[in-house]
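Read off the chains here:
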Amino acid sequence: MVGRERLAPLWSLGLVAVALGAPFAIESSYWQGVMAAIAIWSIAAVSLAQAVNWMMRLSLMTPALMGLGAYAAAIAQVEHGWSFLPAAGIAALAAMVCAALVGLVAFRSSHWGFSIITFAANLILVNLSISLDDITHGPGGYAGIPPVQLFGRSLESGRSLYFLALAILAIQLCALWAWRRSVAGRSARIVGEDPQLAQALGIPCYSLQVCVFAALAAPVGIAGALYGSFRGVVSPELLGFTRIVDILAMVMIGGTKLLFGPILGAIAVTSLPEWLRFLGPSRDGVFGLVLILIVVLAAPRWRWRVSTLMGARS
Amino acid sequence: MLEARQLTRRFGGLTAVDHVDFTLERGQILGLIGPNGAGKSTLVNLVTGFDRPDEGSVILDGHVLHGASPARRARLGLSRTFQRPRLIANVTVEQLLTGAAWIVGSPRWFVQSRPAAAAVERVLGQLALVSLRDAQVQELSSPSLRLVQIAMAVLTGCRYLMLDEPVAGLSAQDTERVGALVRSLAASGTGVLLIEHNVGFVRTLAERVLVVDRGRSIAHGPTADVLASRAVVDAYLGTETAPCH
Amino acid sequence: MAQLLVNGITAGVGLAAIALGFAMVLQWRRVPNFAHGAAVGVGAYVSYSLAVYGVPYFVTLPAAALVGILFGLITEFCAIRLGVFMTHGVLVTTLAIAVIARAALAAIYGENGVIFPPKLVPSGHLELFGAVLPRIQAQAFILSAVTILLVWVALAKTARGRRYALLGSNPIAAEICGMDRTRMGTEIVAIAGGLAALAGAIAAPVGLLTPGSGGDALVNAFVITILAQSRMDLPRIIIASLVVGIGEAFVSLRLNADFQQALVYAGVIVAVLFTQRPNYGRA
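Every value quoted in this text rests on a predicted model; they were computed, and no experiment measured them.

> Which parts of the structure should I look at to understand the sheet that holds strand β3 (residues 29–33) of chain B?
Residues and elements named next belong to chain B. As summarised here, the arrangement of the six strands in space is β6-β7-β8-β3-β9-β10, forming an open sheet in which the pairing is mixed. For this open sheet the edge positions go to β6 (78–80) and β10 (216–222), each flanked by a neighbour on one side alone. Strand after strand, the sheet turns through a mean of 15° between neighbouring axes, direction not considered. With four bridges connecting them, β3 and strand β8 (residues 191–195) associate as parallel partners. If you follow L32 over to β8, its bridge partner there is I195.

Have a look at this one:
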């Protein structure tokens, strides 16, 4: 334990250095775009991982929140001429309100029910994004989103968006780190780990969970806004089922214990299809195999795995 | 005053708690004893809101608690410990107690308020847990874990506290400490309901005792009288431990 | 009104046949088998492939069931046994199997849907109490009902069925009685797979069959199982399936098609709220 703690600052510095230096080491603008996508998805994945970690409930509506934020920011920028920062603010707000509304309902249910309700909410939003085509421009997607304009400069390249996303990710990680150490953070932890104990201590479980869930939705909305500005278009596909599986995989690969774990997951999941591009349409199949591999590798003891394959007590 | 009136709980054909009444005043220590399976923990669940009674009501300081959640009751001043200590992994004792000090000193979200920090210090001292303050909770021994649970309950600053077998498995020294803590709690105005099998412990601390057997209250009154009564001796204490009278 | 009931009940019975296998595995083997929908899809496509080559429809049904059993065994050995060590592990590994299966189906049959060869399906309609019921749906209804009946008899009346139920309600007691939990678990998953594929083959001729059909089947099966409060109790599952079937029929008949999906899922949310209780320590 002590050794790991001493190495942790070194690890963090190393990661920060890699994160800052990578876009300069890799010249290809295509790959810089991929890195930007990785950073954007990391923001959403980190949020989901924290939600799973603290509340012991699996939320399956992250892509919907991202999409909601993306559409909100898109509408604000295209139809009302807002600049990026206020649009991102509206995106965060939209995601928070949606998460709060769903949370008010979902937290009244068991943990299975929570997953179903968030999943159903996600699918409802997908349907709405397709059907409400006056607002969302339908299945074709909402196009024409202008690039980000910050401090008088237009951030059009993958590299510049990467740094913007990285900055937001850094703020998010710091905020989460501070929250973990706060009184409210510890109480939220108790609620997640042992609701009965939390009740006995007077912690308002339901309200706290709804608030935490809503707060964690804000960065997801901002990630959506970033995504929209990055691609220039937002389509209902962003909220779809494949995205749910993607982000779930990111969280599982990276684990929920470490704050930056999901970032590794995002790297793996986002870059995998790029490397597998030569395999053509079997990308999904291989992806499934990778998921299984992850779970196998994450299993605590090697001999347990072998013995259950042989049919011993599972 | 905490009052339980005609509390009843049935599980299918079994009546776990059968029209039990008791009262608990501020600053008073009430013992709750009875054989295993008598319904003591169920009774505590009913009073603290973890279970809903089929009949009867709980009245806290004149307030009828009808269907209030346990957290609401804790905020109204009624808290409890659990028979089996609860474990929260990967936190130190001090961090856990900080998280528990939600109510003390009116909750502050990010920085611990000074009254809360002082309360944590005080309780650590009272239970001799100061040396363990930086230990990881999952590495604590079972007795230490029980003490931490009691500390958490105390930190809620509740006016009425239900302790569910607080000294089971504790050494004589730790039992002493818990006893002293209970006395100081009562002295500062907290009403304590003490569930224990250790009748000696209850005898030294409790002014009044409630005895339950098979869900029914068979005695409720001053300690000495109750522990000497025929009914209680027959049901629970057995003739060897009956005091001479 | 009659149309609503006719549509709802025929759909509901079909859904029950699909949901049974999922509930079985969840209650008796105690894992969420997210590859269940894929088994349904695979069974449907097997039936379709055989039918295209001229195999009579009723012969494709047992063939699909056999493939389903095989699929169940694959799921057990390659996903469930590997996933039990991690929280939500089995959910992810079985989901992975579903993803692989879907990709395979899309690769073989293409992303666009396929329709059963018309010569092999009964055509025309029936008139029932003033409602219209296509013959093909009537056939599916009868086949599903028969399947459910056979399953009920097999599970309630045989010793093996009762053993499975004991395994689900009290695994430790089962172990003490000398039952081999691992082998029984494998059998359950295999049977559930066969059942799923059979249900898929029964539903295959009705409407469009796409690689995504398995996913839809899974969502329905999951919702029905949760509504039946995760208990493998046949009446409960049938009632839950009928509720879902009638609900979906209601939405498609009476309400705006655009928001059909959204309303179905809103209904799901409401239903879940009423059947699932939170675990805050309250009764």
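> Just to check I follow, could you spell out helix α5 (residues 111–131) of chain A for this structure?
Along an α-helix, residues three or four positions apart point the same way, because every turn accommodates 3.6 residues. Here α5(A) spans 30 Å end to end across 21 residues, near enough to the 30 Å set by a 1.5 Å rise per residue. The buried count for α5(A) comes to 17 of 21 residues, which makes it a mostly enclosed element.

> Is there a simple way to think about the packing of aromatic side chains in this case?
Two numbers describe a pair of aromatic rings. These are the distance of the centres and the angle of the planes. The tally for this structure, following the rule as stated, stands at 15 aromatic pairs over all chains. Ring geometry for Y48(C) and Y109(C): centres 6.2 Å apart, planes at 70°, overall edge-to-face. One end of the pair, Y48(C), is in helix α2 (residues 36–52); the other, Y109(C), is in helix α4 (residues 89–109), and 61 residues separate them in sequence. Taking relative accessible area as the criterion, Y109(C) reaches 26% and is therefore assigned partly exposed. Geometry around Y206(A) places R108(A) over its ring, the cationic atom sitting 4.2 Å from the centre.

> So what exactly am I meant to see when it comes to the interface of chain A and chain B here?
Buried accessible area, meaning the area lost when the parts come together, often serves as the stated size of an interface. Each side of the interface is counted separately: chain A has 20 residues, and chain B has 31 residues. Carbon and sulfur atoms supply 66% of the area buried between chain A and chain B, which totals about 2,200 Å² over both sides. Together, V183(A), R186(A) and L201(A) form the three largest contributors to the area buried by chain A at its contact with chain B, with a combined 26%. Taken together, the connections running from chain A to chain B amount to zero salt bridges. On inspection of chain A and its partner chain B, the count reaches three residue pairs in polar contact (both at pLDDT 80 or more). The set of elements that each furnish at least two residues to the side of chain A that touches chain B consists of α8 (183–193) and α9 (195–200) of chain A. No other element matches the seven residues that α8(A) contributes to the side of chain A that touches chain B. Across the side of chain A that touches chain B, the residue classes tally to ten nonpolar, five polar and five charged.

> What am I meant to see in the pairing of strand β2 (residues 14–24) of chain B here?
In regular strands, side chains alternate between the two faces of the sheet. All names here are of chain B. Pairing geometry for strand β1 (residues 2–11) and β2, over seven bridges, is antiparallel. Residue pairing for β2: R10 is matched across the bridge by T15. Linkage of β1 to β2, two consecutive antiparallel strands, is achieved through a turn of two residues, within which G12 is found at a positive phi near 60°.

> Would you take a moment to explain the nonpolar core for this structure?
Generally speaking, soluble globular proteins have nonpolar side chains that are buried together. Counting 243 residues, the largest nonpolar core has M66(A), L226(A), L97(B), V178(B) and M232(C) as the members making the most contacts within it. No other element matches the 18 residues that helix α2 (residues 29–55) of chain A contributes to this core. Core analysis: the next-biggest nonpolar cluster, separate from the first, contains 26 residues, F22(B), L46(B), V58(B) and L78(B) among them.

> Can you help me understand the sheet that holds strand β4 (residues 55–60) of chain B in this one?
Across a sheet, paired strands are connected by hydrogen bonds in the backbone, their directions being either parallel or antiparallel. All names here are of chain B. Here four strands make up an open sheet; going across it, the order is β2-β1-β4-β5 and the pairing antiparallel. Two strands lie at the open edges of the sheet, namely β2 and β5 (63–65), each paired on one side alone. Sheet twist, expressed as the mean angle between neighbouring strand axes with direction ignored, is 25°. Strands β1, β2 and β4 of the sheet are contacted by helix α1 (residues 40–48), whose axis makes an angle of about 120° with β1.

Procedures and definitions
Residues numbered from 1 in each chain as written. Chains lettered and ligands numbered in written order. Predicted model: local features only at pLDDT ≥ 70, side-chain atom pairs only at ≥ 80, totals over all residues. Heavy atoms only, no water. Pairing = 2+ DSSP bridges. Helix = DSSP H or I, 4+ residues; strand = E, 2+ residues; numbered from the N terminus. Axes fitted to C-alpha atoms, helices over the stretch in contact; angles between N-to-C directions. Expected span 1.5 Å × (residues − 1). Buried < 20%, exposed > 50% of the residue type's maximum accessible area, 1.4 Å probe, protein only. Phe/Tyr/Trp six-rings, centres within 6.5 Å; stacked < 30°, edge-to-face > 60°. Lys NZ or Arg CZ within 6 Å of the ring centre and 35° of its normal. Contact = heavy atoms within 4.5 Å. Buried area = accessible area lost by both parts, 1.4 Å probe. Salt bridge = Lys/Arg side-chain N within 4 Å of Asp/Glu carboxyl O. Polar contact = N/O pair within 3.5 Å; in protein donor to acceptor, adjacent residues only side chain to side chain. Nonpolar A, V, L, I, M, F, W, Y, C, P; charged D, E, K, R; others polar. Core = buried A, V, L, I, M, F, W, Y, C linked by side-chain atoms within 4.5 Å.

Geometric descriptors of this kind do not, in isolation, establish any biological role.
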